[in-house]
Amino acid sequence: MNITVIGTGYVGLVTGAGLADFGNEVTCVDIDAAKIEALQAGAIPIYEPGLQAIVAKNAAEGRLRFTTDLEGSIRSARAIFIAVGTPQKADGSADLRYVEEVARTIAGFMDGPKLIVTKSTVPIGTGRIIEAIIDEAGKKHLASIVSNPEFLREGSAIEDFMRPDRVVIGASDEEAIALMKEIYAPLHTLEVPFVVTNVESSELIKYAANGFLATKISFINEIAVLCEKLGGDVQDVARGIGLDSRIGPKFLQAGPGFGGSCFPKDTAAIAEIARRHGYSFQIIDAVLKVNEDIKERSVRKVIEAVGDVSGKAIGILGLAFKPETDDMRDSPTIPLIEGLQLQGARVRAYDPQAMENARRMFDNVEFCHDAYQTARDCDALVIATEWNEFRALNLDRIKSVMRSPVIIDLRNVYDPARMEKQGFRYTCLGRSKVLHRTSTPVAS
Ligand code: NAD
């Protein structure tokens with residue numbers, strides 16, 4: 001099928017490449033001319049493992065192309081996927097201006113039957129807004145509005161797109177549903193479940209999924225606080241509850257709070273949607289509050305470990321909101337670094353992939369080229385993102401270059417007993433020394 005994907009960011013580019021790999025003819029279009037020029041030249045504007053290879057393969061085989069020509073790509077497509085950003089507004093709600101702008105562009109150029117598919121995460125009711133925009137242009141009879149939320153995780157986006165846990169399709173007409181199934185045909189042979197529902201339910205599924213996952217994270221972060229107060233080990237507690245098949249082991253790693261381009265904005269948006277409809281979504285409100293508290297707690301942890309941080313050098317290992325991505329949006333390292341700077345700390349930092357994005361975000365941070373340069377003359381080192389290279393540091397070397405051997409491990413990467421034996425003053429999350437460890441820690 002001829003498909004156009006509008007918006008060539010983390011989701012649009014993976015969607016375009018993935019749909020091309022499924023055998024569709026895909027045009028990826030963006031208003032960012034520099035991005036499209038780079039893609040045409042074979043460069044990938046973001047860091048996402050495996051993306052370069054799948055883009056190159058499908059472009060070489062003629063199924064994937066890149067353009068800024070919205071008119072031509074809308075006219076030639078049978079299905080148009082909207083994958084533009086829906087950032088958070090000041091009141092917490094999702095900013096729909098890019099989605100609405102694209103809907104108006106589609107309405108202006110469409111000249112035949114089109115499947116208009118929303119991949120962007122959008123508030124419940126957005127499908128109806130798009131329909132109204134198309135209707136205003138007198139073209140409602142040509143359009144089928146579909147919601148098809150995306151659940152990929154940055155860092156494993158290709159695998160998630162090519163082998164998703166499920167595909168959700170929200171549509172109201174049979175032809176649209178059949179066309180969507182055709183687009184995703186290879187997933188039928190992999191026996192991927194399809195959840196077919198109405199547009200509103202589909203839009204809500206995405207927010208409910210992210211709200212639930214964020215709840216798990218805030219929950220385990222609070223359990224970590226309790227572990228510190230009561231003498232427990234959050235790794236063992238996570239394993240103990242995660243082995244219950246009703247709970248499951250994922251998203252139960254204590255950390256510095258959730259971040260990234262989705263969880264913070266999507267949880268804020270679902271809370272705002274509920275409020276607008278006269279309901280206070282109490283669990284989500286609490287999840288957001290806990291996340292703010294946990295982020296502040298990270299700053300306090302460093303201060304507790306170092307004492308007065310004013311004038312002290314603090315090294316930060318990892319800046320992206322999680323490993324295997326360069327995405328800095330809403331990363332918990334932002335309030336961490338700003339909080340430490342506010343207390344007068346001098347911050348040095350390194351991330352394997354997010355340095356370019358980070359440089360644009362921070363003032364007065366000394367960026368380093370690896371963990372050892374970051375640790376040099378530091379009064380404390382913070383492990384903020386659990387990149388693999390930080391899991392296997394040469395600890396003797398780290399210790400020998402630091403001014404004081406103080407490590408604050410906000411990802412629980414290292415074993416407290418081993419770190420102490422190695423001569424570090426080591427702080428982590430929710431792993432009290434009071435209780436003797438009796439089981440194997442969870443592999444993270
Ligand atoms: P992004 O900011 O990386 O990409 C958006 C792209 O859209 C940009 O390249 C921008 O130039 C382009 N764009 C904006 N207006 C345009 C227009 N009028 N015409 C053409 N292109 C336009 O965003 P993203 O991270 O890919 O997220 C896109 C959507 O997918 C969001 O709603 C997000 O919530 C959702 N989502 C994101 C993820 C994720 O992990 N990033 C996962 C699932 C869902």
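Quantities reported herein were computed from a predicted structural model and do not represent experimental measurements. (Residues numbered from 1 in each chain as written. Predicted model: local features only at pLDDT ≥ 70, side-chain atom pairs only at ≥ 80, totals over all residues. Heavy atoms only, no water.)

Draft legend 1. A look at the site of the ligand. Near the ligand lie 27 residues; those nearest to it are D30, K35, T86, E154 and K265. Here a nitrogen atom of the ligand and a side-chain polar atom of E101 are 3.4 Å apart. In isolation the ligand offers 840 Å² of accessible surface; the protein chains occlude 90% of this area. Elements supplying a minimum of two residues to the shell around the ligand: α1 (10–21) and α5 (97–109). (Near = heavy atom within 4 Å. Polar contact = N/O pair within 3.5 Å; in protein donor to acceptor, adjacent residues only side chain to side chain. Areas by Shrake-Rupley, 256 points an atom, 1.4 Å probe, with all protein chains shown as cover. Helix = DSSP H or I, 4+ residues; strand = E, 2+ residues; numbered from the N terminus.)

Draft legend 2. Spotlight on the domain arrangement of the protein chain. You can read the domains of the protein chain as domain 1 (2–197) and domain 2 (208–427). Each of domain 1 and domain 2 has a C-alpha centre, and these two points are 32 Å apart. The interface of domain 1 with domain 2 comprises 19 residues on the first partner and 20 residues on the second. Together, the buried faces of domain 1 and domain 2 total about 1500 Å²; carbon and sulfur atoms form 50% of this surface. Counting the contacts that link domain 1 with domain 2 gives one salt bridge. Note that E154 and R329 form a salt bridge whose closest N and O atoms lie 3.7 Å from each other. For the side of domain 1 that touches domain 2, a count of residues per class yields nine nonpolar, six polar and four charged. (Domains from an automatic or database assignment. Contact = heavy atoms within 4.5 Å. Buried area = accessible area lost by both parts, 1.4 Å probe. Salt bridge = Lys/Arg side-chain N within 4 Å of Asp/Glu carboxyl O. Nonpolar A, V, L, I, M, F, W, Y, C, P; charged D, E, K, R; others polar.)

Draft legend 3. Just the packing of helix α10 (residues 199–230) against helix α13 (residues 282–306), in detail. It is the contact of α10 with α13, at a shortest axis distance of 9 Å, that shows an interaxial angle of 45°. Viewed along their axes, α10 and α13 adopt a mutual orientation that is oblique. Pair α10 / α13 crosses with left-handed handedness. For the pair α10 and α13, contact is made by G211, A214, T215, S218, N221, E222, V225 and E228 and by I283, I284, V287, V290, N291, I294, R297 and K301, respectively. Along the lines of polarity and charge, the residues of the contact of α10 with α13 split into seven nonpolar, five polar and four charged. (Axes fitted to C-alpha atoms, helices over the stretch in contact; angles between N-to-C directions. Parallel < 35°, antiparallel > 145°, perpendicular 65-115°, else oblique. Left-handed = near helix turned anticlockwise from the far one by under 90°.)

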